[in-house]
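# Survey of secondary and tertiary structure
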Amino acid sequence: MSKFKGLESYAAEDSAYELLPFKFDRFNDESYIITNIVGEYLLIEHEDLEALVHRKLDVTSRLYCQLRSKHFIRLPKEKSPIELLALKLRTKLSRLSQFTNLHIFVVTLRCDHSCPYCQVSRQSEDKSSFDMTRDMADKSLDFVFRSPSPAIKIEFQGGEPLLNFELIKYIVESAESRNRVAARDLAFVIATTLSLINDEILDFCKLHKIQISTSLDGPEALHNSNRPKPNKDSHQRFVAGLEKARARLGYDQISALMTTTELSLDKVKEIIDEYLRLGFKGVFLRPLSPYGFAIKTKRFMAYNTERWLQFYKSGLDYIIELNRNGVEFSEYYSSLILKKILSAQESGYVDLMSPAGIGIAAIVFNYDGKVYASDESRMLAEMGDRTFELGNILSDSYEDIILSDKLLDALEESFTLSAPMCSECAFEPYCGSEPVYHHAIHKDFLGRKPESEFCKKNMSIFKHLISLMESSSDTKKLFLGWANR
Ligand code: SF4
């Protein structure tokens, strides 16, 4: 005789479970997706969904156990599922209380490149009126150290920020000096094409543990046509700079970003192969943003979201195949989303945050003293739309800027949990609001989601990643690794 009673002896009565809040949507011809507020998901068939909502589920079924363990249902008066949901939600939203982490200093608008898709309206190399002054830098640092965040990252952007390297040195040394008292976890990043890197800059980066974020669009011909220079040597200078920087700073101190132009669309394998050839461990497949020169030169309209999704999906297939063959390589946008789907953590990626990350996760100090809610906001301002210009660092206080109606209105209106369509969308726990993008295209913070390319792109990626995981346990294992990195 068994020591234990059968499973049914421990089960509650058939109709005795209660539903916890969840959203659902048709996933494909066979199934529905259900998600809850912390992003747990399950794919279930239509009859199971019916049985679930009518409280007719077989309490000895695997589905019933899954639904309980993922907090879609609870037994009457059971407290722990609600407490666990609250705990997971607090963990996901914990970044909010830490406030602004990323502070972007646009130290110059000058640039030695003339990329047609450039998101800022670059100026030629010799116009120093497009440089940030020391006074602005000091006032910006006053602002930075008002942030309550225990971790502060200062990122130098341009133009080409190395054209104003003297100011970078000044800001790094001043920030470190202030941090002797402030005691934050302080980090620096320079976003550069590497074309101007030299020993003096690298020595300084080494001494101050400065990371490099650079740009690689693919193999030589593609990179050079995307990033024109008078000598057509952008890729050559990139490779030489990369080798130098890695030798001096170490491999893990340099990361790269790529931008997809129409020339990239049929070359996703070649782009990934180039990243592999140059020793990178992953690639961030990014579409063009509708800002700055990308829109002025009509490059943004050169391909639509469907075409970019084909590019992304075939790139992802190729990366999965590489991993199956023992080559460790990841796709970073997928990894950010998978972190939201498969872990209790938030990725902290500004474009996929709700409330939006503008101002409260990242903020920009422009070369002319203006303060913007995000990098994209300053690009929008360069096009004449100053909606997200929060103030001027020379004349406005921290409170004037952070509590400005411009910022608070945009944040308030962009909550996905209360936005039309998003609030009922099963993918909302993985998504963000992107008020700057929607304002650029639709002229309001929310946008019209049925027409939104942001919505179309992300919904398609969420579905695709979940489909891939559901159809292969190897892929799920791989994705779990990406999510928990
Ligand atoms: S933007 Fe689209 S995918 Fe994202 S939550 Fe809103 S409706 Fe869903």
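In what follows, the accompanying structure is described. (Residues numbered from 1 in each chain as written. Predicted model: local features only at pLDDT ≥ 70, side-chain atom pairs only at ≥ 80, totals over all residues. Heavy atoms only, no water.)

### A short note on the nonpolar core
Proteins that are soluble and globular tend to have nonpolar side chains buried together. Counting 119 residues, the largest nonpolar core has Phe 105, Ile 154, Phe 156 and Phe 479 as the members making the most contacts within it. Element by element, the count of residues in this core is highest for helix 12 (residues 305-324), at nine residues. What Phe 105 contacts, discounting residues up to four positions off in sequence, is Met 132, Ala 137, Ser 140, Leu 141, Val 144, Ile 154, Glu 155, Phe 156, Gln 157, Ile 171 and Phe 365. (Core = buried A, V, L, I, M, F, W, Y, C linked by side-chain atoms within 4.5 Å. Buried < 20%, exposed > 50% of the residue type's maximum accessible area, 1.4 Å probe, protein only. Helix = DSSP H or I, 4+ residues; strand = E, 2+ residues; numbered from the N terminus. Contact = heavy atoms within 4.5 Å.)

### Points about the packing of helix 6 (residues 165-182) against helix 7 (residues 199-207)
For the pair helix 6 and helix 7, interaxial distance at closest approach is 12 Å and the crossing angle is 15°. Judged on the interaxial angle alone, helix 7 and helix 6 are roughly parallel. For the pair helix 6 and helix 7, the crossing hand works out as left-handed. Across the interface between the two elements, Phe 165, Glu 166, Lys 169, Val 172 and Glu 173 of helix 6 pack against Glu 200, Ile 201 and Phe 204 of helix 7. (Axes fitted to C-alpha atoms, helices over the stretch in contact; angles between N-to-C directions. Parallel < 35°, antiparallel > 145°, perpendicular 65-115°, else oblique. Left-handed = near helix turned anticlockwise from the far one by under 90°.)

### Considering the sheet that holds strand 14 (residues 370-372)
Reading across the sheet, the eight strands line up as 10-9-8-7-6-13-14-15 and stay open at both edges, with mixed pairing between neighbours. The open sheet has two free edges, formed respectively by strand 10 (254-257) and strand 15 (389-392), since each of these has just one partner strand. The sheet shows a mean angle of 25° between the axes of neighbouring strands, taken without regard to direction. Two strands pair when backbone bridges link them, and strand 6 (residues 102-106) and strand 7 (residues 151-157) are joined in this way by five bridges, in the parallel orientation. Among the inter-strand pairings, Phe 105 is bridged to a residue of strand 7, identified as Phe 156. Relative to strand 8 (residues 185-191), helix 6 is tilted by about 170°, and along the sheet it contacts strand 6, strand 7, strand 8 and strand 9 (210-215). (Pairing = 2+ DSSP bridges.)

### Examining the site of the ligand
Around the ligand, the surrounding shell consists of Met 421, Cys 422, Cys 425, Glu 428, Cys 431, Lys 449, Cys 455 and Met 459. One can see that the ligand is located within the largest cavity. The residue inventory of the shell around the ligand, partitioned by class, reads six nonpolar, no polar and two charged. (Near = heavy atom within 4 Å. 1 Å grid on protein atoms, 1.4 Å probe; cavity = no way out; pocket = protein on both sides within 12 Å on 5 of 7 lines; lining within 4 Å. Sits in = over half its atoms within 2 Å of the grid points. Nonpolar A, V, L, I, M, F, W, Y, C, P; charged D, E, K, R; others polar.)

### What to know about the layout of surface pockets
Its boundaries defined by the atoms lining it, the second largest pocket holds a volume of some 420 Å³. Lining the second largest pocket we find 23 residues, and of these Tyr 41, Leu 42, Lys 70, Glu 470 and Lys 476 sit closest to its centre. Put simply, the parts of the chain that give the lining of the second largest pocket at least two residues each are strand 4 (41-45), helix 2 (62-69), helix 3 (80-92) and helix 13 (332-342). Top element by residues in the lining of the second largest pocket is strand 4. It accounts for five residues. (Points joined across faces, edges and corners; volume = space filled by probe spheres on them.)

### Details of a negative patch on the surface
A cluster of like negative charges, contributed by Asp 29, Glu 30, Glu 45, Glu 47 and Glu 50, occupies part of the molecular surface. Its place among the elements puts Glu 45 in strand 4. (Patch = residues over 30% accessible without salt bridge, like charges linked within 9 Å, V, L, I, M, F, W, Y side chains within 5 Å. Areas by Shrake-Rupley, 256 points an atom, 1.4 Å probe, with all protein chains shown as cover. Salt bridge = Lys/Arg side-chain N within 4 Å of Asp/Glu carboxyl O. Lys, Arg positive; Asp, Glu negative; His and termini not counted. Charge placed at Lys NZ, Arg CZ, Asp CG, Glu CD.)

### Quick look at the sheet that holds strand 2 (residues 23-26)
Read from one edge to the other, the open sheet built from three strands follows the order 2-3-4, with strand pairing classed as antiparallel. The open sheet has two free edges, formed respectively by strand 2 and strand 4, since each of these has just one partner strand. The sheet shows a mean angle of 25° between the axes of neighbouring strands, direction not considered. Bridging between strand 2 and strand 3 (residues 31-35) involves four bridges; their strand directions are antiparallel. Each bridged residue has a counterpart across the sheet, and for Phe 24 the counterpart in strand 3 is Ile 34. Strand contacts of helix 18 (residues 453-471): strand 2, strand 3 and strand 4, with the helix running at about 75° to strand 4, the strand carrying the most contacts.

### Observations regarding the pairing of strand 4
For strand 3 and strand 4, the ladder comprises five bridges, and the chain directions are antiparallel. Residue pairing in the sheet places Ile 34 in a bridge with Leu 42 of strand 4. Once strand 3 ends, the chain turns through five residues before running back antiparallel as strand 4, passing Gly 39 with a positive phi of about 90°.

### Considerations on the environment of Ser 147
Mapped onto the elements of the fold, Ser 147 is located in the loop between helix 5 (134-144) and strand 7. As for Ser 147 and Thr 387, which are separated by 240 residues in sequence, their C-alpha atoms are 23 Å apart. Filtering out sequence-adjacent residues up to four positions away, Ser 147 remains in contact with Gln 98, Phe 99, Thr 100, His 103, Ile 152, Arg 184 and Tyr 398. At 3.2 Å, the side chain of Ser 147 forms a polar contact with the backbone nitrogen of Ser 149. (Polar contact = N/O pair within 3.5 Å; in protein donor to acceptor, adjacent residues only side chain to side chain.)

### Section: helix 5
Taken together, the buried positions of helix 5 are occupied by Met 136, Ala 137, Ser 140, Leu 141, Phe 143 and Val 144. The arc that holds the buried residues of helix 5, viewed along the axis, is 150°, so those residues lie on one side. Packed against the buried residues of helix 5 are strand 6, strand 7, helix 6, strand 13 (362-365) and helix 15 (398-402). (Arc of directions from axis to C-beta.)

### Topic: the side chain of Ser 433
Mapped onto the elements of the fold, Ser 433 is located in the loop between helix 16 (405-413) and helix 17 (435-442). The buried category is assigned to Ser 433, whose relative accessible area is 4%.

### A look at empty space enclosed by the protein
Summed over the entire model, instances satisfying the criterion amount to three cavities of 30 Å³ or more. Taken as a whole, the largest cavity holds about 110 Å³ of empty space. Contributing to the lining of the largest cavity are 13 residues, with Cys 422, Cys 425, Cys 431, Cys 455 and Met 459 lying nearest its centre. Put simply, the second largest cavity is a space of about 60 Å³. Val 350, Asp 351, Met 353, Ala 356, Gly 357, Ile 358, Ser 374, Glu 376, Ser 433, Glu 434, Pro 435 and Val 436 together form the lining of the second largest cavity. Split by residue class, the lining of the second largest cavity holds six nonpolar, three polar and three charged.

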